[in-house]
Every structure is written in structure tokens, then in C-alpha cells.
Amino acid sequence: MLQINNLHASINGKEILKGINLNVRDGEIHAVMGLNGAGKSTLSNVIVGHPAYEVTQGSITFNGKDILPLKPEERAHEGIFLSFQQPTEIPGVSMVNFMRAALNAKRKYQGQEPMPAGAFLKLMREKRQLVELDSKLTSRSVNEGFSGGEKKRNEIFQMAMLEPTLCILDETDSGLDVDALRVVAEGFNKLRKPETSAIVITHYQRLLDYIKPDIVHVLIDGRIVKTAGPELAIEIENRGFDWIKEEVGL
Amino acid sequence: MNAEKQYIDFYKEVKDTIAERSSQEMNTCREAALHTFATQGFPLPKVERYRYAKVEADFSPDYGIALTPINGPLPPHCFRIAEATPYARTLYNKVADTSDSIVALNTMLSVDTLVVHVPKGTRVEHPIQINNTLKGEQDTMVCRRILIIMEELAQADVIITDRATSQSRFLTNQVVEVVMHDGSHLSLYETEETHLLCTRYSSVFVRQGRNSTFHHTNLTLFNGHTRNRLDVQLQGEGSEVTANGCVIADKMQRVDNNTLIDHQVPNCRSNELYKYVLDDNAVGAFAGKILVREGAQKTVSKETNANLCATRSARMYTQPMLEIYADDVKCSHGSTVGQMDDAALFYMRQRGIDEKEARLLLKAAFITEVIESIPLESLRDRLHVLVDKRLRGELSKCEGCKLCQ
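If you're wondering where the values come from, they're calculated on a predicted model, not measured in any experiment.

Here is what the cut-offs are and how they apply
Residues numbered from 1 in each chain as written. Chains lettered and ligands numbered in written order. Predicted model: local features only at pLDDT ≥ 70, side-chain atom pairs only at ≥ 80, totals over all residues. Helix = DSSP H or I, 4+ residues; strand = E, 2+ residues; numbered from the N terminus. Rg over C-alpha atoms; globule rule 2.2 N^0.38 Å. Buried ≥ 20, exposed ≤ 12 C-beta atoms within 10 Å, placed from the backbone. Contact = placed C-beta atoms within 7 Å. Pairing = 2+ DSSP bridges. Axes fitted to C-alpha atoms, helices over the stretch in contact; angles between N-to-C directions. Nonpolar A, V, L, I, M, F, W, Y, C, P; charged D, E, K, R; others polar. Core = buried A, V, L, I, M, F, W, Y, C linked by C-beta atoms within 7 Å. Parallel < 35°, antiparallel > 145°, perpendicular 65-115°, else oblique. Left-handed = near helix turned anticlockwise from the far one by under 90°. Expected span 1.5 Å × (residues − 1).

Trainee: Please give an account of the overall build of chain A that cites residues and values.
Mentor: Tallying secondary structure elements over chain A gives ten helices and twelve strands in all. Taking 18 Å as the expected radius of gyration for a compact globule of 250 residues, we find that chain A reaches 18 Å, a close match to that expectation. Along the longest, intermediate and shortest principal axes, the C-alpha atoms of chain A span 60 × 40 × 35 Å. Per-residue burial over chain A gives 41% buried out of 250 residues.

Given below as C-alpha cells:
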């Protein structure tokens, strides 16, 4: 599904990613772990096409298509979804208008007519109930005045509405208490179809108790230095990252 | 003095015709107005309240001057001045700032006055709509005069809409006088949807009695050059004013809002919110003064001007002012000028909303606060649609006009 080869990327002339290789197949869940500043969020931002980052070398293909020339919105239409670490508040833009614009943009990209208003509201209601998002929240402005937990739940709600095939969860666990974490993770699991893939970016094992990865990568200083099965996450939880650094000679 | 001369010469030439078509109380004010205009001329930018306007340039072109009385059927409670009550007629030119030369020019050349007179205790059910449609093949200047009288406990909504349906140049010089008696409520809405060749000078003067409530919303949706002045005198205790406005401007459009809220007595409230969205090379200006006079204790006042410049070449001049001569008041004022929120833009694009649409949603969101503050629900809904159309470039301007594309 997603193939990243020798990816180098920089921001303001500073190189952050220094040759990433990553291959995510249909239905796989990959965890990317690493210390602060290792380049985890940069990786997710580069995949979704954040304009502040410049790809200097390498390639990203999604379902066989080179996505580097695509705009962020086009990558979204192709089926890539980023659950933001810090979802942005957009005062004055209602959740309904926001979701309608997003959904209809995708339908247009796929050559479909806009969804009729009645059907759209029904869909909103169904998906909202699925992630247990309060109806009060969907009648407000996007993320405005939402608590940390509500913002993350709202990300999963949007995922439910847009039905992406690749979900990137960027530190979805940060700022969440254990109960909120469980609800968000369970929401994600409920929504996930067998062919849906995910990249889960996290510092901790905790989220991985709920969203079980097939493969765990360790990102240090812009490179993936170690790749193993789910047991690696547990080992990192117990021993930290230093032993990996030593092992690879950093 | 060339720009002034053409107006003075014109007036001298046609003053008999004007007098014939007009009414006694308007005619008696003309010579004094001529004197004010001739001695002062057009205000230069060094005059504080005209700092951001280019008056002489705006009035220099050779316009034909319309001398037509009000026509068409009038809404309920509306009269031509000749048919208004004797009391209403005595109030003509009593609230306006007669020392102002733009007002003087209007007083000199106006042929008719639309009087809106709501009697004591009357609640006007439907909004009173005043439509000003500029049309004609010739470049034309229009002097418009409106006098609104709200008697004790009267209530009304008045909507004034400026439109232009032909591609000529138009210059409007409007003076609105509002007299609000004790306990009256008036919501006055002004919307401008003209085109790039239209220039509008509007001066609104309001005098409020005890426990009266005045709600003013001024929306500049499409224009060429616009200068709006609003002066409110709070003369009765317990009176309250809300002065809101929003501006959408792009291309070479220019919009200047200049307000004065004058707290003359204790226990009054004022609330002011102006928001601008500027794109391309548009220039916006806001200068708002809150004056709290000696003895006007327990005044509560808030003034906010927030602006969004979507390009580097858009310019905003903002000047919130507080002048306080009382010592037991609660007043705040502030202004901001910001750019598009990049984080919000990216967030929307990641969800599949293209950049153009995302920018549009953010612009509409920025001014939504002003629209939402409108008490009249039907108008609020209509304005949300109009704002959306405006931002999409779909606002119907003059028919078949290519000017504003």
C-alpha cells in the first residue's frame, strides 16, 4: 500500500529525515517509536504533504502511485488520513460545514455527486454514535473549546466519516487519560476494515495495548534503526531506547 | 479648490430648481451649508476624521448630479419630507454635524428627505426596507437624505441596501439623522453591494434618549471606495448602543469606517465590533473613538477591531481610541491585524478540502461573529448566503458587468 524509499526531508534547510525506508502492506499496522525530535511527526507530515517540509531525495508511492507531486487534499482523496497530534481549532467553521466540504470534495474527486443534505446528516449521526462523540460537539465550530480527549475523539470521528485506507495516528495517546485512550482506540478498531492499514506514532507501549501492531520500528535521528515484531515495543517500555542506540552504534 | 468649484457653480446655477422641487425646511438650510462648504472645502487628510479618506480625489470626477425627488411607493411609516408631520420636519438637520463639509455638501444639494417616523409605543412588525438602486448611463452623483424618528417606546428594524445595476460611475453622499426618544429600540442595517466604480460617503448621526437601544450593523460586501461615518450621542441615562460592521474587500477596493460614540451621561453601554477581510490590494481603515465625558460614570464600553489580511499587499490602518473624563467606568478597546491561519488551512486540506475552498471557509468564519450578532434572523440567514456568494465571486453585481470578475 505505502512504499517509502530512501526518504530525505528538511524544514527551513535543516535535514530531519535522513533516508527512511518503510513498506506498509494492506491491512498491516506499523508502530513507529522514538524519542522526541527523532523525526516521527516530520515523517507523518511529509507523507500527507505538509507544505513546510521539503523532500530532497527519495520517493513515496501509495497504491503504486507517486504521491510526492500531489497536493495535501489530493493525498487525502487517495485515502490517506492523519490524526493530528494537536488538532487545530477553527473558530467560526462549523463541524457540519467542515465535514460536508471534506466529504463532498472527496466525492467530487471520485466523480460522484455531492451527498444530499438529509443523507449527510444521517451519516454524521451514525458515525458520531460509533465513536461516542457528544452531539453538542458536532454542532460547534471545529475543535473549538474541545477538551484534549474530545479533540482526539473528533479525529477518529472524522476518520469514520472519510473512510481512509491508510490512517496515520500521530501521538494519539498524548494528552489522553486512560479512559479516553481506550474509547479512542476502541473507536479506531471498530472502524477499521481488514484492508485498512495504519501507522501508529507513539512514545509509549500503552496505546499499543489497544491497537496491536504487526511491526514495530524505532526511529532515531531521522533513520529507522531497528524493525521487529510487537515484542520490541514491550522491550522499549521496559528498557528505554539507550540499548538500541548502543546496539546500532549511535 | 477646483473640485469644490464645480459643486458651488452647479449649486448656484440650479438653486432655484432645487428650491422649487424641495421643501421649506430643507431650503432654509442651504445657504448656511453653502457657506460652510465654500469656506472649508473638502477635508484634507490632515483633518483627523478624514485621515484615511481621499476626499478630493473621490469628489473630483465630473459627475452629473441627480436632482430627483424620492419616487416609488413608500413602506409603512415612511414619508417624503413635505408630507411628514410638522414635528418631524423641525428635526431636519438638527442632529447632523453641520460643520462638516461633506454633510454641508449634502445639505446644499439634497432635494428630498425620506422621513421614517414611528409613533409612540408602536412596534413595527416587518422590517422597513429602503432600497437604493443606482442606475443610468451617465456618471452620477446622488445626495441622499434620511431622517428617522423613533418616538417613545417605538420599535423598528430598518434595512438600507445600496446596489448598482449599471456600469457607470456613481458617487453617493448620504446623510442619515436618527432621533431616538426614551425607551425606543431601533436596529439599523446598512449593506453595500455595489461595484468597483462606486464611491460612497455615508454619515450617520444618532441621538439617543433614556433607556433607548440602538443596534447598527454596517456591511460592506462589494464596493469601490467607501467611507462610513457613524456618530452616536448617548444623551439619556440607561441607553445602549451596539455598533458592528464587517468588510469584505479585495482588488483595489477601499473601505474606511470612522465612528464616534459619545457617552454624555452616566449608566450607558456601548459595544463596538468591526471585522475586515482584505485580499489582493485592498485597503481598509478603522478609526473608532469612545468618548466618556465628565460625569458619565458607570459607563461600560467595549471596542474591538479585528482584521484579516489574506495577502502581503493588503493594507489595514486601525486606530481604536478611548478618551475618558470620568473615574468610575469600565472601558476596553483593542485591535488586531492577522494573516490566514496556516495550521487551520493545512488541517482542512488534510481532510480533502482544497486550498481555495479552505481559504474561503476561513474568511467567512472570520466575519461570522458580526453576522451572528444580528438580532433579525431572516436577515442573518440571507447575509450568510450573501457572504458566501461574495467570497466565491458570485455576488450579482451589475447585469452583464465585467468590471468585477
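Trainee: I'd love a proper account of the overall build of chain B, names of residues and values included.
Mentor: Scanning chain B from terminus to terminus reveals nine helices and 18 strands. For chain B, the C-alpha radius of gyration of 21 Å lies close to 22 Å, the compact-globule estimate for 405 residues. Residue burial in chain B is summarised as follows: out of 405 residues, 49% are buried. Contacts spanning at least 24 positions in sequence make up 85% of the contacts within chain B whose residues lie at least 6 apart.

Trainee: Now, about the sheet that holds strand β9 (residues 166–170) of chain A: what can you tell me, with residues and values included?
Mentor: What links the strands of a sheet is backbone hydrogen bonding, and the strands pair in either a parallel or an antiparallel sense. All names here are of chain A. Pairing is mixed in the open sheet, where six strands are placed in the order β6-β9-β10-β3-β11-β12. Here the strands that pair on one side only, and so sit at the sheet edges, are β6 (80–83) and β12 (223–228). The sheet shows a mean angle of 20° between the axes of neighbouring strands, direction not considered. Where strand β11 (residues 215–220) lies against β12, five bridges are found, and the strand directions are antiparallel. By the bridge assignment for β12, Leu 219 is matched with Ile 224. Seen against the sheet, helix α6 (residues 148–162) touches β6 and β9 and runs at an angle of roughly 170° to β6.

Trainee: Quick one: what's the story with the environment of Gln 319 of chain B, residue by residue and with numbers?
Mentor: Residue and element names in this part refer to chain B. Assignment of secondary structure puts Gln 319 in strand β17 (residues 315–324). Its 16 C-beta neighbours within 10 Å are what place Gln 319 among the partly exposed residues. Sequence-distant contacts of Gln 319, that is, excluding residues within four places in its chain, are made with Phe 286 and Ala 287.

Trainee: Explain the interface of chain B and chain A residue by residue, including any values.
Mentor: If you look at the interface, chain B gives 16 residues, while chain A gives 20 residues. Looking at the side of chain B that touches chain A, the elements that each hand over two or more residues are α7 (342–350) and α8 (355–372) of chain B. Within the side of chain B that touches chain A, the residues separate by chemical class into eight nonpolar, three polar and five charged.

Trainee: So what's going on with helix α1 (residues 40–48) of chain A? Which residues, and what values?
Mentor: All names here are of chain A. With eight of nine residues buried, α1 is to be regarded as a mostly interior element. Along α1, the residues classified as buried are Lys 40, Thr 42, Leu 43, Ser 44, Asn 45, Val 46, Ile 47 and Val 48. Positive backbone phi, approximately 85°, marks Gly 49, located one or two places after α1.

Trainee: Can you tell me about the nonpolar core, naming the residues and giving the values?
Mentor: Core analysis: the largest hydrophobic core is formed by 180 residues, its most contacted members being Phe 81 and Val 200 of chain A together with Ile 148, Val 178 and Leu 186 of chain B. Broken down by element, this core gets its largest block of residues, nine residues, from α8 of chain B. Apart from the residues lying within four places of it in its own chain, the contact partners of Val 178 of chain B are Val 95, Ile 148, Leu 186, Phe 205, Val 206 and Arg 207 of chain B.

Trainee: Tell me about the pairing of strand β15 (residues 283–292) of chain B, and name the residues and values.
Mentor: All names here are of chain B. Counting buried residues along β15, seven of its ten residues qualify, which places the element largely inside the surrounding structure. Bridging between strand β13 (residues 254–263) and β15 involves ten bridges; their strand directions are parallel. Looking across to β15, one finds that Asp 256 is bridged to Ala 285. Here β15 runs beside β17; their pairing, made up of ten bridges, is parallel. In the strand pairing of β17, Gly 288 is matched with Pro 320.

Trainee: I'd like a description of unusual backbone geometry, backed by residues and values.
Mentor: In terms of backbone geometry, most residues other than glycine have negative phi values and most peptide bonds are trans. Notably, Glu 163 of chain A is not glycine yet its phi reads approximately 45°, a positive angle. Position of Glu 163 of chain A relative to the elements: it lies in the loop between α6 and β9. Look at Lys 251 of chain B: it is not a glycine, yet its phi comes out positive at around 45°. Along the polypeptide, Lys 251 of chain B turns up in the loop between β12 (240–249) and β13. Note on Lys 251 of chain B: 13 C-beta atoms within 10 Å, which makes it partly exposed.

Trainee: Could you give an account of the pairing of strand β4 (residues 53–62) of chain A, with specific residues and numbers?
Mentor: All names here are of chain A. Direction of pairing for strand β1 (residues 2–11) relative to β4: antiparallel, over a ladder of eight bridges. Paired with Ala 9 across the two strands is Val 55, which belongs to β4. In this structure, the hairpin formed by β4 and strand β5 (residues 65–66) is closed by a connection of two residues, where Asn 63 is found at a positive phi of approximately 50°.

Trainee: So what's going on with the sheet that holds β1 of chain A? Residues and values would help.
Mentor: If you trace the four strands from one edge of the open sheet to the other, you get β2-β1-β4-β5 (chain A), paired in antiparallel fashion. The two strands at the open ends of the sheet, each matched to only one other strand, are β2 (14–24) and β5 of chain A.

Trainee: Talk me through the packing of α8 of chain B against helix α9 (residues 377–392) of chain B; I want residue IDs and the actual numbers.
Mentor: Residues and elements named next belong to chain B. Closest axis-to-axis distance for the α8/α9 pair is 10 Å, and the angle between their directions is 150°. As summarised for this structure, α8 and α9 are arranged roughly antiparallel, according to the angle between their axes. Like other packed secondary-structure pairs, α8 and α9 cross with a definite hand, here right-handed. Contact residues: α8 offers Leu 360, Lys 363, Ala 364, Ile 367, Ile 371 and Glu 372, while α9 offers Arg 380, Leu 383, His 384, Val 387, Asp 388, Leu 391 and Arg 392. Tallied by class, the residues present in the contact of α8 with α9 amount to seven nonpolar, one polar and five charged.

Trainee: Give me α6 of chain A: which residues, what numbers.
Mentor: Residues and elements named next belong to chain A. Between the first and last C-alpha of α6 there are 22 Å, a value that for 15 residues agrees with the 21 Å anticipated at 1.5 Å per step. Of all 15 residues making up α6, twelve are buried, and the element is well covered by its neighbours. At its buried positions, α6 is contacted by β6, α3 (95–109), α4 (117–130), α5 (135–138), β9 and α7 (178–191).

Any functional reading would require information that these geometric values do not contain.
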